[in-house]
Amino acid sequence: FFVFSPQCKIPRVNPFEESFMKFRPLPFRACAKEPALVSVIYDTYKRQYRLHVNSDVASSHFGSYGNYGCTYEEVGRGPNDSLGLLKPKKYFSQDWLVPRNILGLIVECRELANKSRILQLDAFAFIQYPRNRNETNDARRAAKYPNIFLFGIDSTSRMNFHRFMPYTSRFVRQEGWYEMEGFNKVGDNTLPNLLAVLTGRTPNQWRFKCDVRQQGCLDSLIYLWDHFRNAGYLTAYAEDLARISTFNYMKHGFTRPPVDYYLRHFLLVTEQVAQTITHHGQIYCVGRRHSFSYVLDFAKQLIQRFVAETPKPLFGLFWTSSCTHDDFRGASNLDKPFVGYLKKFQEYGLFERSIVILFSDHGSRYGPLAQHYTGFLEERLPMLHIYIPPWYRERYPRVARALGINRNRLSSNYDLYAGLRHIITQIRPGIRFHHSFPPNTIRSIFEVLPRNRTCQQAGIPMHWCTCKPFVDVRVTFFFLRLAKVAASRMNEYLKMLDLQEDCHVITPHKVTKADVMLHFDESGFTVPAPYGVNTFSLVFSTSPNEAMFRSIVLSNRNQSFVHTEIDMISRLNAYSNESHCVKDAVAKKFCCCLQDKLLKLN
């Protein structure tokens, strides 16, 4: 068991058992065939970047071209989170000094006699040296308090991480790293799980405050990076796949940059201007680089500038989805480059004075891994690895002890938030925070978590809870009737949104798997279900589109009481284009657009 207590028993999954061997790693694809024609060099004296044209690359790889010239286009912020600006092209000379106000550049070299012939196009984002900082205070804080770096890999369970990222897995088994094997997600997709870590709020809490689909809502929430900025930290946030990024997919995003260093506008422009290549379902290459490289290069610059060269206190979140969002096997493509970045960060001194967190939002939600017999656990148990530097372990030995104990205790996103919030109280004693967390869940992951903890106490909704093991039962007509109740809830939801004219009526086709939840007393012995109401997990397909769902359904033996909710129904296979006639994120999981709606899209 990952966790074994009277109230919580999370079964251990061997990520390398024989049934997983059919899932083979995907072949790695490079994005550039030739070396860089233009390089970026940092002038440490002037604290500015320079553009350097590599003439030897031009002669060795572009010898058939005539005389050439290189231009830059400045990338700027647009009026909102959905638009970036690209200013007119300008020629630059060798070792041109990039002004400090420039966020990023699109660089292009063309043959002068025939400007349709492009030698190379490239894109560079910059971590510029900040203006008007108190250097003395920065140096003092950097020496006294830890940097906070969060690296997120989308859709990666702890099992799949070890399965497909062996090099990174080996790196995070070094001294100072702690893996949380009982880390359980609290929501369906990225947004609720990431907001739980960044704000400590439940979906009901942030929905009560405002509608995240409305402009300005996300700006009104208070994030960890706000607290750290108020404590004198520089803050950064970068995420690839700008089209479907966490705060922008079917949402307005931020009306103002949420952090000091914000990559979004640069990537929005770059994904439009540079050639892109799709691999395992998402944009894999953007111009000459992998999509994830822009995020990790951004982190690398931050570490070079403000850890290695001029220490300043830092808080950064760096999130990548491009390899793993649509295909769990894509983690194999990320593994070697990612551990290469970690080793480079190590050279720059990141792990000497920084708390580093490697985590995910959830596991694989769609496809063959989600439909595997362990899919219930794969989806609900994302990876979480926490690194504590030596000086912090020495100063706060109780933190290291707690993390060692918490490895095999139930934990959630709210505990991680509380742990990071605890660091702020060390920096700013007496600080007061807004009310957050679900009731009874204010537990820092840096303190010993209760052994006999329930999902409810950890803020984990029942549908996502892995504490109560399920056992397989024979599929009978009884379960088809339960599946009809789940389908009825989906149809009711679509009707509530006035989508009955856009979507097919959902009818259950076949129940392929049925499990019943086990219950235990305080001593850990199995007992009957409370009040005779059993909790079932059903996997079933629906007509007319063979969609696959998993639903938690509560029912007594004679079905006089049957209950399920929309939040207790998960889609197990991708809906692709079949739900493009609706915009609601939940409805997309259920809706199969009527044929005439699909025809209008094609």
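Below, the structure is looked at part by part. (Residues numbered from 1 in each chain as written. Predicted model: local features only at pLDDT ≥ 70, side-chain atom pairs only at ≥ 80, totals over all residues. Heavy atoms only, no water.)

What follows covers the overall build of the chain. Helix and strand counts for the chain come out as 21 helices and 30 strands. In summary, the chain has a C-alpha radius of gyration of 25 Å against a globular reference of 25 Å for 602 residues, a match within 12%. Principal-axis analysis of the C-alpha atoms gives the chain an extent of 80 × 65 × 45 Å. Across the 602 residues in the chain, those meeting the buried criterion constitute 59%. (Helix = DSSP H or I, 4+ residues; strand = E, 2+ residues; numbered from the N terminus. Rg over C-alpha atoms; globule rule 2.2 N^0.38 Å. Buried < 20%, exposed > 50% of the residue type's maximum accessible area, 1.4 Å probe, protein only.)

Glancing now at the state of the cysteines. Scanning the model with the defined rule gives 7 disulfides in all. Sulfur-sulfur distance for the disulfide between Cys8 and Cys467 comes to 2.0 Å. Around the S-S axis, the bridge from Cys8 to Cys467 shows a dihedral of about -80 degrees and counts as left-handed. Taken as a pair, Cys8 in the loop between strand S1 (3-4) and strand S2 (9-10) and Cys467 in the loop between helix H18 (455-458) and strand S23 (470-473) lie far apart in primary sequence, 459 residues in all. You can call Cys8 buried: its relative accessible area is 1%. Looking at Cys467, the relative accessible area reads 2%, which means it is buried. Disulfide partner of Cys455: Cys465, at an S-S distance of 2.1 Å. Given an S-S torsion of about 80 degrees, the disulfide between Cys455 and Cys465 has right-handed geometry. One end of the pair, Cys455, is in helix H18; the other, Cys465, is in the loop between H18 and S23, with 10 residues separating them in the sequence. Take Cys455 and Cys465: they sit in the same class, and that class is buried. (Disulfide = S-S within 2.5 Å.)

Our focus in this paragraph is the pattern of salt bridges. A side chain with one charge can pair with a side chain of the opposite charge if their charged atoms come near. Summed over the entire model, instances satisfying the criterion amount to 38 salt bridges. In this structure, a network of salt bridges that share partners links the residues Arg12, Arg158, Glu179, Glu181 and Arg407. (Salt bridge = Lys/Arg side-chain N within 4 Å of Asp/Glu carboxyl O.)

Strand order across the open sheet formed by 3 strands is S3-S4-S8, with antiparallel pairing between neighbours. Across the chains shown, the open sheet's two edge strands, defined by having one partner strand only, are strand S3 (38-43) and strand S8 (96-97). Alignment of S3 against strand S4 (residues 48-53), held across 6 bridges, turns out to be antiparallel. When the sheet's bridge partners are listed, Asp43 is paired in S4 with Gln48. (Pairing = 2+ DSSP bridges.)

Interpretation note: all reported values are geometric properties and have no functional meaning in isolation.
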